[in-house]
Amino acid sequence: MLMMMLMMKKKGAKSLAVAAILLATVGAVVPPTKEDLNDISVRGEKFVDEQVENAVSGVKVMKEAMRKSEEGRQQLLEQLEETRQQKEEALRAAQDKEAELERQLDVCNETTRALWEECKPCLRRSCVRFYSRTCSSGAGLVGRQLEEVLNRSSPLSIWVDGEKMTELQREAQRQSQELRQLQERYAVMADGVDGVFSDSMKVAQHVHSGPLSFRVPSFFSTFYRRRRSVRPVFQDPFRSFQDLFSPFMNRNFLGSADPALHGGAADNEDGAVNEDVVVSRPFGDGTMTCREIRRNSAGCLRFKDECEKCRAIEHVDCDGKRPLEAPLRRELEEAVAAAERFTRHYDDVLKELEEKMFATSSMLDLFNRQFGWVSALANTTRHSPFTVQGVTCKDPEPDQPSSETDVSLQIFDSPMNISIPGDLPWNDPKFPEVVAQKALDRYKESSVVLK
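Residues numbered from 1 in each chain as written. Predicted model: local features only at pLDDT ≥ 70, side-chain atom pairs only at ≥ 80, totals over all residues. Heavy atoms only, no water.

Q: So what about unusual backbone geometry? Which residues, and what values?
A: Note: most peptide bonds trans; most residues except glycine with negative phi. At Phe412, a residue that is not glycine, the phi angle is positive and equals roughly 55°. For Phe412, the location among the structural elements is in the loop between strand 4 (404-411) and strand 5 (414-421). (Helix = DSSP H or I, 4+ residues; strand = E, 2+ residues; numbered from the N terminus.)

This is how it looks when you write it as structure tokens:
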């Protein structure tokens, strides 16, 4: 009985050993045959085709988003043009009124000029003395600036704010230059989107004869026939659409404008920046700030009431007329005030346009990161978008927690080698999709410069 039990035990051990060998044999992954590689390629190609089709659809949405943005942009441009015309009309009216006042004062020019020469030094002394007592450092700079202003001004300017007219004209030039730069950068962005769209539609129409051979709407066809000669939008100096408009968002919109219109900090003669000090002493046309005086000395003109010779200019009698007491002066001041309002409104609309372009560029960058890679396929020469050429299963290295599977393949016109975790065998139904996705991700990285 004991002998029989020992014999049965030995037979059981042998059976277990055989079973273990059989199990090991069954569990071992046999390298894929040529037919297996072809099957992986077919299934991977189907996945790639779907991703290409999705990307083409995404580029279409990108183009449509650009079109809708253009509608809002055109509305703002129309507002800018209308405001520009109103501003120019107000400035022309002010210039006409100013010229008419000058002609009336010319009748008694000798008297006016004599009073003006005595008015200027009094005006300078009064302003510098008051600034020194009330404001922070910089009185010397204010004195020099005011002297320059007075030397190029006429007697009329201290009563009708001639300096403001000059600043409004400078502001108009600055606004025109800003709009021109914005338009140029928008054109670069629009051309870049058209280039991505055009190449993507070529991919949809020509590259593949399978699932991507859908009919492209006729209004897209004009883009197929155009070959662009402009530089790619993603090359330096512009790394992205958003980079085109970042300078507009980073600058201070009002800092370069006339401080009398918008305010803004300024350097004193020591290089330090003085804060605003509102002068509490009232003047005939309101209060003033240290900033006004420091920036362009326009505030100093308000001291005219403290100088007898300056006051006398306003009441000069020219052949029985007093031009500066006539309605013409009030009409001039109203025209200047209107030009100021339109200038501020123009800046507001221009800022809104710049913000809209920045938001549009940000949105387009998101689209391009996700879908723009498909446009790179327009110049590929491959016949099959995805082909697996070999699969090698490796044993895990001593310092590796698990094994890896090396896959050699070609996606579009790019050969590459990738590694897949060994816990996903090549005969798993998910294997082709995982390989195709990893290969496609690497292709995107090398095809799209925009990060």
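Q: Can you tell me about the pattern of salt bridges, naming the residues and giving the values?
A: For the structure shown, the criterion picks out 16 salt bridges. Residues Glu88 and Arg84 are paired through a salt bridge, measuring 2.8 Å at the closest nitrogen-oxygen approach. On the criterion of helical spacing, the pair formed by Glu88 and Arg84 is a turn pair, its members being 4 residues apart in helix 2 (residues 34-106). Under the relative-accessibility criterion, Glu88 is labelled partly exposed at 31%. For Asp199, the salt bridge identified is with Lys202, shortest N-O distance 4.0 Å. Here the residue Asp199 and the residue Lys202 both occupy positions in helix 6 (residues 162-207), the gap between them amounting to 3 residues, near one helical turn. We classify Asp199 as buried; its relative accessible area is 17%. When salt bridges with common partners are traced through the structure, they connect Glu171, Arg174, Glu178 and Asp347 into a single cluster. (Salt bridge = Lys/Arg side-chain N within 4 Å of Asp/Glu carboxyl O. Buried < 20%, exposed > 50% of the residue type's maximum accessible area, 1.4 Å probe, protein only.)

Q: Just give me the short version of the side chain of Gln175, but keep the residues and values in it.
A: Tracing the sequence through the fold places Gln175 in helix 6. A relative accessible area of 0% means that Gln175 is categorised as buried. Here Lys87 takes part through its side chain, which lies 2.5 Å from a polar atom of the side chain of Gln175. Among all residues touching Gln175, those that are not within four sequence positions of it are Lys87, Thr343, Tyr346, Asp347 and Leu350. (Polar contact = N/O pair within 3.5 Å; in protein donor to acceptor, adjacent residues only side chain to side chain. Contact = heavy atoms within 4.5 Å.)

Q: Tell me what's going on with the state of the cysteines, and back it up with residues and numbers.
A: By the definition in use, this model includes 2 disulfides. Between the sulfur of Cys119 and that of Cys310 lies a disulfide, 1.9 Å long from S to S. What sets the handedness of the Cys119 and Cys310 disulfide is the S-S torsion sign, and at about 95° it is right-handed. Of this pair, Cys119 sits in helix 3 (residues 109-134) while Cys310 sits in helix 11 (residues 308-314), and the two are 191 residues apart along the sequence. Under the relative-accessibility criterion, Cys119 is labelled buried at 0%. (Disulfide = S-S within 2.5 Å.)

Q: Tell me about the packing of aromatic side chains, and please be specific about residues and values.
A: Working definition: an aromatic ring pair is given by the centre-to-centre distance plus the angle between the planes. In this structure the tally under the stated criterion is 2 aromatic pairs. Residues Phe412 and Tyr443 carry aromatic rings whose centres are separated by 4.9 Å and whose planes lie at 50° to one another, so their mutual orientation is tilted. Taken together, the residues Phe412 in the loop between strand 4 and strand 5 and Tyr443 in helix 13 (residues 431-447) connect sequence positions 31 residues apart. By relative accessible area, Tyr443 is classed as buried at 3%. Above the plane of the ring of Phe197 lies Lys63, whose end atom (NZ or CZ) is 5.8 Å from the centre. (Phe/Tyr/Trp six-rings, centres within 6.5 Å; stacked < 30°, edge-to-face > 60°. Lys NZ or Arg CZ within 6 Å of the ring centre and 35° of its normal.)

Q: Any details on the sheet that holds strand 4? Residues and values, ideally.
A: Strand order in the open sheet made by the 3 strands is 3-4-5, with antiparallel pairing throughout. Bordering the open sheet on either side are strand 3 (386-393) and strand 5, each of which pairs with just one other strand. Within the sheet, the average angular offset between the axes of one strand and its neighbour, ignoring direction, is 20°. Packed on one face of the sheet, helix 2 meets strand 3 and strand 4 and runs near 130° to strand 3. (Pairing = 2+ DSSP bridges. Axes fitted to C-alpha atoms, helices over the stretch in contact; angles between N-to-C directions.)

Q: Account for the nonpolar core, naming residues and giving values.
A: Counting 58 residues, the largest nonpolar core has Leu409 and Ile411 as the members making the most contacts within it. Taken together, the elements giving at least two residues each to this core come down to helix 2, helix 6, helix 8 (241-250), helix 12 (327-371), strand 3, strand 4, strand 5 and helix 13. Here this core takes 14 residues from helix 2, the largest share from any one element. Filtering out sequence-adjacent residues up to four positions away, Ile411 remains in contact with Val48, Pro385, Phe386, Met416, Ala439, Leu440 and Tyr443. In this structure, Leu101, Trp116, Leu301 and Ala339 belong to the second largest nonpolar core, which totals 39 residues. (Core = buried A, V, L, I, M, F, W, Y, C linked by side-chain atoms within 4.5 Å.)

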